[in-house]
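Each chain, written out:
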Amino acid sequence: MSNKVMSVSNVSKRYGAIQAVDDVSFDVYEGEILGLIGPNGSGKSTLFNCLLGQTRPDNGSVEINGHNASGLSPSKLNKLGIGRTFQQLSVFPEMTVLDNIILAGQEHHGSMFSRLFGAPDAGLTPEADRLIAFFRLEHLRDEMAGSLSYGQQKLLDAAMAFMAGPSIVMLDEPAGGVNLTMLGNFKERLRTFNKEHGTTFVVIEHNMEFVMSLCTRVLVLANGAIIAEGTPDEIMNNQMVIDAYLGG
Amino acid sequence: MMTKRNMWLLAGLIALILAPLGQGNYVVYTLCSWLIFSMAAMGLNLTLGYAGQISLAQSAFMAIGAYTTALLTLPPAEDGVGGLGLHWLVAMPISVFAAFVVGLIIGFPALRVKGHFLAFVTLAFTTLTFLVLRNEDWLTGGTYGLVGMPRPDFGFFNTGKQLRFYYFTLAVFVVFCLLMWGIIRSPWGRAFKALRENSIRAESLGVDTRRITLLAFAIGSAAGGLAGSLVAPLVQFIEPGSFALVHSLKMLLMVVVGGAGFFFGPVIGAGVVILMPEFLRFTEGYYLMIYAATVIVLIIFCPKGLIGLGEIIRNKLRKDKKVRGDMDKGAQL
Ligand SMILES: Nc1ncnc2c1ncn2[C@@H]1O[C@H](COP(=O)(O)OP(=O)(O)OP(=O)(O)O)[C@@H](O)[C@H]1O
Ligand SMILES: [Mg+2]
């Protein structure tokens, strides 16, 4: 667990009077499941967006597998092996579940040319079916994504982040709005993926039960800055964290 | 094995083959222009209906196709504006390519602006094209336009007669539909739809949204160029007014009326938009008002167009068939 896959240095982002992200630095190690927690508005999503090319940070840099990845577009970062979800549900409602999943993988196969003249599914149907089954969405495969329930769409949204075989998966509140049984399943899915493929995870989540039982390490953000870092046990007993959450 | 869909397509094709038989020149001419406008509208449907980028420039791309083809196919003139006397088979690909390249360039504003602003940018381009065609009369013949473009002669098949030109147009239409269908169901087509539905998510999944946006414009424009390339020999007289803004709006209507994002929507839309004035002719001056009112009603009550309306009715009739896949497995979730 010593290989750094991502290294974040001094990232800051200000919106008007709000310092949304305040000089944040941390490393992500290969194969870990890193939790990112913090009160509402503490800057978690903004930090994700700064790291993933969605928002331009005012300051700071990101390295991925030792290469400078600052300023790359989201699609370039995706090609470098980063899968992500957004806090808001983001599926393609008027495409089938299968098409959603194939889309999530097609740009990683062949060339622009082969994607026009090659197979309509880019040869990805078998792989997509495996992923759909892995997330237990088989019975919804040919439904329009928009006709799925919120929780099912959330699951599909997460599944898309896995399709391209990423080395790092970054999830923004995957558990929000998902019922308990499904959540248990989902946690198992993430663990299995982590074990079988060595995939590294960074997970933003408010559900403490979920974070503490899933993550191997946790970062705590408050007012845009990291105020604590440690194992789930350490974090749960950290006075600063307790204060931050209880109106400190 | 023939699927139901293929049966419908075959029936449609047979209908198109039989349609002009025994009809007068005017009806055959109208059918030709229906097919040609269908192609232009299908191109716009790719840009607007599939990729979600509004364009009011489709008539300008038709103009590019028509004038390019005209200038390449007209015989050289001793005085006044003449052409190069090339065959349509040479002129058409050049015209389509010209529209493709200009479409690519017009796509760049779409990378920065969306919605109403994009509509204005493309509208400005249509107006600009109109002015260039009118003012650069050394090349375009100005307000007098260009006259007498030859209809292609393939040796064994001369398209000079109206009926023959119709079958020639139909052949181009069929090939065009196959190409469009290939694009729509390819990964490119999937990326176009993803761009329309959630461009940020698409980008995060590795779709190069810049490139896909430009391609959506370029391919849609190329279809406009192809349509223009057929208009020149059909009408044998083109002038700037034939490609004014109102025609861009008409094509927008064809897409919306037929159902944006449905493959054959624009064909139905083009039929309605072209034929309705004919049916409403008895109302004399009022037909434009009736026409506009119908369109507004359609957009309000049936935003998915006539094909969408058909689908709604079909789903109502077969309600039992449309059970969501998860309803019977609810317990396991
Ligand atoms: N685009 C923006 N424009 C202005 N302010 C913004 C913008 N995005 C975020 N902010 C502000 O930055 C701060 C951090 O927001 P962010 O969404 O990152 O918080 P978060 O930790 O993800 O919260 P939550 O747990 O509620 O999702 C908030 O005060 C928010 O209002
Ligand atoms: Mg957030």
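Residues numbered from 1 in each chain as written. Chains lettered and ligands numbered in written order. Predicted model: local features only at pLDDT ≥ 70, side-chain atom pairs only at ≥ 80, totals over all residues. Heavy atoms only, no water.

**Q** Kindly report on the side chain of A:Ser75, identifying the contributing residues and their values.
**A** For A:Ser75, the position within the fold is in helix α2 (residues 74–79). A polar atom in the side chain of A:Ser75 sits 3.2 Å from the side chain of B:Glu203. When neighbours within four sequence positions are excluded, A:Ser75 is seen to be in contact with B:Glu203, B:Gly206, B:Val207 and B:Asp208. (Helix = DSSP H or I, 4+ residues; strand = E, 2+ residues; numbered from the N terminus. Polar contact = N/O pair within 3.5 Å; in protein donor to acceptor, adjacent residues only side chain to side chain. Contact = heavy atoms within 4.5 Å.)

**Q** Describe the interface of chain B and chain A, with residues and values.
**A** Taken together, the contacts link 31 residues of chain B with 39 residues of chain A. In total, about 3100 Å² of surface goes out of reach between chain B and chain A, with carbon and sulfur atoms giving 58% of it. Joining chain B to chain A, the criterion identifies 2 salt bridges. Here B:Arg201 and A:Asp157 are joined by a salt bridge, their closest N and O atoms 3.0 Å apart. Inspection of the chain B/chain A interface yields 13 residue pairs in polar contact (both at pLDDT 80 or more). Of all the secondary-structure elements, those providing two or more residues to the side of chain B that touches chain A are α7 (162–185), α8 (187–204) and α9 (209–235) of chain B. For the side of chain B that touches chain A, the element with the most residues is α8(B), which contributes 14 residues. Looking at the side of chain B that touches chain A, its residues break down into 12 nonpolar, 5 polar and 14 charged. (Buried area = accessible area lost by both parts, 1.4 Å probe. Salt bridge = Lys/Arg side-chain N within 4 Å of Asp/Glu carboxyl O. Nonpolar A, V, L, I, M, F, W, Y, C, P; charged D, E, K, R; others polar.)

**Q** Give me the packing of helix α10 (residues 245–258) of chain B against helix α11 (residues 265–279) of chain B: which residues, what numbers.
**A** Residue and element names in this part refer to chain B. Packing of α10 against α11 leaves a shortest axis separation of 7 Å and a crossing angle of 120°. As the angle between them shows, α10 and α11 are arranged oblique. Note that α10 runs across α11; the crossing there is right-handed. Taking contact as the criterion, the partners of Lys 250, Leu 253, Met 254, Val 257 and Gly 258 in α10 are, on α11, Gly 265, Pro 266, Gly 269, Ala 270, Val 272, Val 273 and Ile 274. (Axes fitted to C-alpha atoms, helices over the stretch in contact; angles between N-to-C directions. Parallel < 35°, antiparallel > 145°, perpendicular 65-115°, else oblique. Left-handed = near helix turned anticlockwise from the far one by under 90°.)

**Q** Tell me about the state of the cysteines, and name the residues and values.
**A** Residue and element names in this part refer to chain B. This model, assessed by the stated rule, comprises 0 disulfides over all chains. Sulfur of Cys 32: no disulfide; nearest cysteine sulfur belongs to Cys 177 and is 15 Å away. Given the relative accessible area of 0%, Cys 32 is considered buried. (Disulfide = S-S within 2.5 Å. Buried < 20%, exposed > 50% of the residue type's maximum accessible area, 1.4 Å probe, protein only.)

**Q** Help me get a handle on the coordination of the magnesium ion (ligand 2), residues and values and all.
**A** All names here are of chain A. The coordination sphere of the magnesium ion (ligand 2) contains the protein donors Ser 45 (OG) and Gln 87 (OE1), at a distance range of 1.9 to 2.0 Å. Residue Ser 45 is found in helix α1 (residues 44–51), and its partner Gln 87 is found in the loop between β6 (82–84) and α3 (97–106); the two are separated by 42 residues along the sequence. Residue classification places Gln 87 among the partly exposed residues on the basis of a relative accessible area of 34%. (Donors = N, O, S within 2.8 Å, 3.2 Å for Na, K, Ca; no water.)

**Q** Pulling in residues and values, what's your account of the packing of aromatic side chains?
**A** Taken as a whole and judged by the stated rule, the model has 16 aromatic pairs over all chains. Plain terms: the ring middles of A:Phe134 and A:Phe135 are 5.4 Å apart, the flat faces sit at 80° to each other, and that makes the pair edge-to-face. A single burial state applies to A:Phe134 and to A:Phe135, both of which are buried. Ring geometry for B:Tyr67 versus B:Phe243: centroids 6.2 Å apart, planes at 65°, classification edge-to-face. Here the residue B:Tyr67 occupies a position in helix α3 (residues 58–73), and B:Phe243 occupies one in the loop between β2 (237–238) and α10, the gap between them amounting to 176 residues. Judged by relative accessible area, B:Tyr67 falls into the buried class, the value being 4%. For B:Phe243, a relative accessible area of 4% corresponds to the buried category. Taken together, the aromatic side chains of A:Phe134, A:Phe135, A:Phe162, A:Phe186, A:Phe193, A:Phe201 and A:Phe210 make up a single cluster linked through ring pairs. A cation over a ring is seen here: B:Arg151 above B:Phe165, with NZ or CZ 4.6 Å from the ring centre. (Phe/Tyr/Trp six-rings, centres within 6.5 Å; stacked < 30°, edge-to-face > 60°. Lys NZ or Arg CZ within 6 Å of the ring centre and 35° of its normal.)

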